[in-house]
Amino acid sequence: MKLSHFNFHLPPELLAEFPAENRDESRLMVIHRSTGQIEHKLFKDIIDYFDDGDVMILNNTKVFPARMYGNKEKTGARIEVFLLRELNAEQRLWDVLVDPARKIRIGNKLYFGDDDSLVAEVIDNTTSRGRTLRFLYDGSYEEFRYKLKELGETPIPKYINREVTEDDAERYQTIYAKEEGAVAAPTAGLHFSKHLLKRLEIKGINFAEVTLHVGLGTFNPVEVEDLSKHKMDSEELRISQEACDTVNKAIENKRRVCCIGTTSMRAIESSVSSNRTLNPYDGWTNKFIFPPYDFSIANCMVTNFHTPKSTLLMMISAFCGHDLMKKAYEEAVKEKYRFYSYGDAMLIL
């Protein structure tokens, strides 16, 4: 399939700028692949579609406050620094994006905080906006990491054109987030409340946790018409033996195995055994899933509504079937579902 197959008209007012008042009361579109039926529910109704022994796969990555603002030495120009990944803990080297990039060259220093208590030196150019920074800080590593958190803010997506609020620090994070390392939330999981998770647990649904640290590469635009030529950025991935045992038992018993989000799906599809079960994994993945694709592990999934031409939409098309996905998205626009990170959800059965 080609990039142009994934274009559609998305009215800008459907891009959600705020989350639903209650996590589990966003809307839920339920799609039955076997019949093509589409239902309109609330997210908390998801419990009605699962039974004892079914499994939900959760991405337990935790978003860190990756967006910082510093001032360039001499000129005092305000520069946004987006922390992507730590390259070397001992030397305090970080891979970052800077904006505006044209002002930032190798050798420049950036000062952070009202008291300039944190300084960074640019030591390399990696891409047009990418830089490698060496942070200069006298304290211990733990104190340095605390300082980054203190000066950083929740990296809500750029399309949300408003100030970051205290609520964002909580709401742009799943309630089961544990392993810090993501610069974007696995947003399908944002709809789960503690109360809903407890109700699912009481009903006998099991949970398998994987860790895929979501990077900005997930949202990079596809710029080639031939999808096979698009390259995904690598993201750090860990799958434990315990998670594999939980998932593989459900597969053996022919239960529902539901991926919560595209990141969970990409995680498990990166470590499939020859007999189509889940293997433990500790490394990196640049898996790109687009139609046609034969999924090995999950037989249902939860996802948000994605933007045109995105790699996330391509995965949904591969899982749902392209024609049914198009029909569902046309329905979503007509019914004014909320799109993207803080938007509504879809359950594909």
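This text goes with the structure placed above it.
Residues numbered from 1 in each chain as written. Predicted model: local features only at pLDDT ≥ 70, side-chain atom pairs only at ≥ 80, totals over all residues. Heavy atoms only, no water.

Visitor: Would you mind going over the packing of aromatic side chains with me for this structure?
Guide: The description of two aromatic rings rests on the distance between their centres and on the angle between their planes. Applying the stated rule across the entire model yields 17 aromatic pairs. Between Tyr159 and Tyr340 the ring centres are 4.9 Å apart and the planes differ by 55°, which places this aromatic pair in the tilted class. In this pair, Tyr159 is assigned in the loop between helix H1 (141-151) and helix H2 (166-171) and Tyr340 in the loop between helix H7 (322-334) and strand E17 (345-348), connecting sequence segments 181 residues apart. Residue Tyr159 is classed as partly exposed on the basis of its relative accessible area, which comes to 21%. Taking the ring centre of Tyr69 as reference, the NZ or CZ of Arg78 above it sits at 4.0 Å. A cation over a ring is seen here: Arg162 above Phe18, with NZ or CZ 4.0 Å from the ring centre. (Phe/Tyr/Trp six-rings, centres within 6.5 Å; stacked < 30°, edge-to-face > 60°. Helix = DSSP H or I, 4+ residues; strand = E, 2+ residues; numbered from the N terminus. Buried < 20%, exposed > 50% of the residue type's maximum accessible area, 1.4 Å probe, protein only. Lys NZ or Arg CZ within 6 Å of the ring centre and 35° of its normal.)

Visitor: Honestly, the nonpolar core in this entry has me stumped. Any pointers?
Guide: General note: in soluble globular proteins, nonpolar side chains tend to be found buried as a group. Counting residues in each nonpolar core, the largest one holds 51 residues, and the members touching the most others are Met29, Ile57, Met265 and Met346. Formed by 24 residues, the second largest nonpolar core is a distinct cluster that contains Phe64, Val98, Leu110 and Phe135. (Core = buried A, V, L, I, M, F, W, Y, C linked by side-chain atoms within 4.5 Å.)

Visitor: Just checking my understanding: could you explain unusual backbone geometry for this structure?
Guide: Here Asp99 and Pro100 are connected by a cis peptide whose omega angle stands at 0°. Topologically, Pro100 is positioned in the loop between strand E7 (93-99) and strand E8 (109-112). Here the residue pair Pro291 and Pro292 is connected by a cis peptide bond, since its omega of -10° sits within 30 degrees of zero. One non-glycine residue with positive phi stands out, namely Lys309, at about 65°. By the element assignment, Lys309 lies in the loop between strand E16 (300-304) and helix H6 (311-320). You can call Lys309 partly exposed: its relative accessible area is 34%.

Visitor: In this structure, what is going on with the pattern of salt bridges? I would like to understand it.
Guide: A side chain with one charge can pair with a side chain of the opposite charge if their charged atoms come near. Tallied over the entire structure, the rule returns 18 salt bridges. In this structure, the salt-bridge partner of Lys158 is Glu80, at a minimum N-O distance of 2.7 Å. Separated by 78 residues along the polypeptide, Lys158 in the loop between H1 and H2 and Glu80 in strand E6 (residues 78-88) bring together distant segments of the chain. Its relative accessible area of 53% is what places Lys158 among the exposed residues. The partner of Glu180 in a salt bridge is Lys149, and the shortest N-O contact between them spans 3.2 Å. With a gap of 31 residues between them, Glu180 in strand E11 (residues 179-182) and Lys149 in helix H1 connect regions that are remote in the sequence. Owing to a relative accessible area of 30%, Glu180 belongs among the partly exposed residues under this scheme. Taking the relative accessible area as the measure of exposure, Lys149 reaches 42% and is therefore partly exposed. (Salt bridge = Lys/Arg side-chain N within 4 Å of Asp/Glu carboxyl O.)

Visitor: Help me understand the sheet that holds strand E10 (residues 130-136), please; the structure alone is not making it clear to me.
Guide: Consider a sheet: its strands pair through backbone hydrogen bonds, and that pairing is either parallel or antiparallel. If you walk around this closed barrel you meet the six strands as E5-E6-E7-E10-E9-E8, and the pairing is antiparallel. With direction set aside, neighbouring strand axes in the sheet form an average angle of 45°. Inspection of the sheet shows strand E5 (residues 67-72) paired to E6 by five bridges, in the antiparallel sense. Opposite Gly70, over in E6, you have Ile79 as the bridge partner. (Pairing = 2+ DSSP bridges. Axes fitted to C-alpha atoms, helices over the stretch in contact; angles between N-to-C directions.)

Visitor: I keep staring at the pairing of E6 and nothing clicks. Help me out?
Guide: Consecutive side chains along a regular strand alternate between the two faces of the sheet. Turn length for the E5-E6 hairpin, with the two strands adjacent in sequence and antiparallel, is five residues, and the turn residue Lys74 shows positive phi of about 70°. Examined bridge by bridge, E6 and E7 share seven bridges and lie antiparallel to one another. Paired with Glu80 across the bridge in E7 is Asp99. Hairpin connection of E6 to E7: four residues between the antiparallel strands, including Arg92 at a positive phi of 60°.

Visitor: I tried to follow the side chain of His213 on my own but got confused; where do I start?
Guide: Its place among the elements puts His213 in the loop between strand E12 (206-212) and strand E13 (235-239). His213 gets classed as buried once you look at its relative accessible area, which sits at 8%. A distance of 2.7 Å separates the side chain of His213 from the side chain of Thr61, its partner in a polar contact. Apart from the residues lying within four places of it in its own chain, the contact partners of His213 are Thr61, Glu179, Glu180, Gly181, Ala182, Glu235, Glu236 and Arg238. (Polar contact = N/O pair within 3.5 Å; in protein donor to acceptor, adjacent residues only side chain to side chain. Contact = heavy atoms within 4.5 Å.)

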